[in-house]
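# Breakdown of the fold
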Amino acid sequence: MLQTRSVLRDGVIHPPTGLEIIVADHCNITCRQCNHGSPAIGKWYASPEDIGRDLAMLARHYRPAFLKYIGGEPLLHPDLPGILRAGRASGIASHHMLVTNGMLLDRMPAEAWPLLDEIEVSHYPAAGLSESDLARHRATAKAHGVRFTLNAYAEFRRTFTRIRNDDDALVEKIFKACKPANVWGCHGIYKGAIYRCPQSIYAPRLAGTEDFDGFVLAESADFAARLLAFLNAQQPLASCRYCVGTVGKKEPHILLGRKVWSADLDIPASEMIDARLLAESLENFVLVDDCKTPEHRMKKAGRLQRFLARLHYRPKRLRKATHRRPGP
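Since the model is a prediction, treat every value here as computed from it, not as a measurement.

Taking every second residue as pointing to the same face, both faces of strand S4 (residues 67-70) are buried, with Leu67 and Tyr69 on one and Lys68 and Ile70 on the other. In this view, the connection linking strand S3 (residues 19-22) to its parallel neighbour S4 by way of helix H1 (residues 48-58) has right-handed handedness. As defined by bridge partners, S4 adjoins strand S5 (residues 96-100) across three bridges and the pair is classed as parallel. Each residue of the ladder has a partner; that of Lys68, found in S5, is Met97. Crossover handedness for the path S4 to helix H2 (residues 80-90) to S5: right-handed.

The following block contains the structure:
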């Protein structure tokens, strides 16, 4: 089974990919099984001062390939330029990427554009972005010299459960098959700590437990060694008892009301798992996210127009679930 680890070179940790900055917990839409739990998490913003402090400290020991500003929906932040300036000033990475659902891109402050190298739009069928919206955002990014990346998500895999999984063997298998833990390296900064993955931030909160799976960012003589051990640990986290990692059953993307969203988590992990995928993942990882379709793959397969056409027609049962767009 393929595993990708953080490595220590010349006293500095180099993770497999980048580092995520959680800019805001909440979001303007409510995607079923959002892996940041945004529909059920209260309104919260990171402060530029806290981000600057955490990244400046971490930069002495840790160098990701890029910084990814994410949420929730980061464009809801009232001082997004301040967050981006704090990230730039830390010197921790040279490439800065904002991930958004694209619905609020017209409202992004002008001063934020020069602080970014890339905009990544996550395109959801029920979110209502049209082809003309995408064309406009692409043109704006080009005018600012910012790379525009489009990824379509027609389906999500189940992730969270509020029912504790007490099957130790199953928890171990879920952890070993988890791509964020073993391949992608989805490290994230949140409230003064670094986490292995976003699920480990939010699974305990969604389940109502006091578990903490983060590594507090506090300087010490052995900080790099302890952080490396934390990032490469081979034991399941406490949050793994409330998560099925990347082997959950696949479902069409829809938006749910916030109360319905939380109730949707009341299913045992054993019933949420795609058993075939779990078995395959324990033998041989498929590296890609099979719910994400990059634009170049859509074009190559001639699927972009068909995907966008789905925005104009959804089956009655999906329209009922998505007839209103919840606010932040």
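Running from N to C, H1 and H2 cross one another at 15°; their axes reach a closest spacing of 8 Å. Viewed along their axes, H1 and H2 adopt a mutual orientation that is roughly parallel. Crossing hand, H1 versus H2: right-handed. On H2, the residues that touch Pro48, Ile51, Gly52, Leu55 and Ala56 of H1 are Gly82, Ile83, Ala86, Gly87 and Ser90. Residues belonging to the contact of H1 with H2 are distributed by class as follows: six nonpolar, four polar and no charged.

Before going further, it helps to examine H1. Among all positions in H1, only Pro48, Ile51, Asp54, Leu55, Met57 and Leu58 are buried. The inward-facing, buried residues of H1 abut S3, S4, H2, strand S9 (187-190), strand S10 (193-195) and helix H7 (223-231).

What follows is about the pairing of S3. Looking down a regular strand, the side chains alternate between one sheet face and the other. Neither face of S3 is left uncovered, since the one carrying Leu19 and Ile21 and the one carrying Glu20 and Ile22 both have all their residues buried. Here S3 runs beside S4; their pairing, made up of four bridges, is parallel. Counterpart to Ile22 in the pairing with S4 is Ile70. In terms of strand pairing, S3 meets S9 through three bridges, oriented parallel.

By the definition in use, this model includes 20 salt bridges. One salt bridge connects Glu251 with Arg32, and the closest N-O pair in it is separated by 3.5 Å. You can see Glu251 sitting in strand S12 (residues 250-252) and its partner Arg32 sitting in the loop between S3 and H1, a full 219 residues away along the chain. The class of Glu251 is buried, set by a relative accessible area of 17%. Salt-bridge contacts for Asp264 lead to Arg158; the nearest nitrogen and oxygen are separated by 2.7 Å. With a gap of 106 residues between them, Asp264 in the loop between helix H8 (258-263) and helix H9 (269-272) and Arg158 in the loop between strand S8 (155-157) and helix H4 (168-176) connect regions that are remote in the sequence. Relative accessible area serves as the criterion here: at 12%, Asp264 is assigned to the buried category.

A few words now on the side chain of Asp264. Of the polar contacts made by the side chain of Asp264, one reaches the side chain of Arg158; its length is 2.7 Å. Once you skip the residues sitting within four places of it in the chain, Asp264 turns out to touch Arg32, Gln33, Arg158 and Leu256.

For Leu80, the position within the fold is in helix H2. Residue Leu80 is classed as buried on the basis of its relative accessible area of 1%. Distance from Leu80 to Glu111, taken between C-alpha atoms, is 9.2 Å for residues 31 residues apart in sequence. With residues near it in sequence (within four places) discarded, Leu80 still touches Val23, Pro74, Leu75, Leu98 and Met108.

Procedures and definitions
Numbers given for residues are sequential positions, taken from 1 along each chain in its written order. Totals for whole chains, interfaces and linings use all residues, but because this is a predicted model, local features are given only for residues with pLDDT of at least 70 and pairs of side-chain atoms are given and counted only at 80 or more. Excluded from the side-chain calculation are hydrogens and water; included are all heavy atoms of the structure. Think of it in three bands: with a 1.4 Å probe and only protein chains considered, a residue is buried below 20% of the maximum accessible area for its type, exposed above 50%, and partly exposed in between. Helix and strand assignments come from DSSP, with helices taken as H or I runs of at least 4 residues and strands as E runs of at least 2, each series counted from the N terminus. When the strands point away from the viewer, a crossover counts as right-handed if the route from the first strand across the helix to the second turns clockwise. The pairing criterion for strands is at least two bridges between them, as found by DSSP. Fitted lines through C-alpha atoms give the axes, limited to the stretch in contact for helices. The angle between two N-to-C directions lies from 0 to 180 degrees. Small angles under 35 degrees read as roughly parallel and large ones over 145 as roughly antiparallel, with 65 to 115 read as roughly perpendicular and the rest as oblique. Should the near helix be turned counterclockwise from the far one by less than a right angle, the crossing is left-handed, whereas a clockwise turn marks it as right-handed. Residue contacts are defined here by distance: any two heavy atoms, one from each residue, within 4.5 Å place the two residues in contact. Under the grouping applied here, Gly and all other residues not named as nonpolar or charged are polar, the nonpolar ones being Ala, Val, Leu, Ile, Met, Phe, Trp, Tyr, Cys and Pro and the charged ones Asp, Glu, Lys and Arg. Salt bridges are defined as contacts in which a side-chain nitrogen from Lys or Arg sits within 4 Å of a carboxyl oxygen from Asp or Glu. Within 3.5 Å is the distance limit for a polar contact, defined as a pair of N or O atoms, with the added protein rule that one can donate a hydrogen and the other accept it, and that residues adjacent in sequence qualify only through two side-chain atoms.

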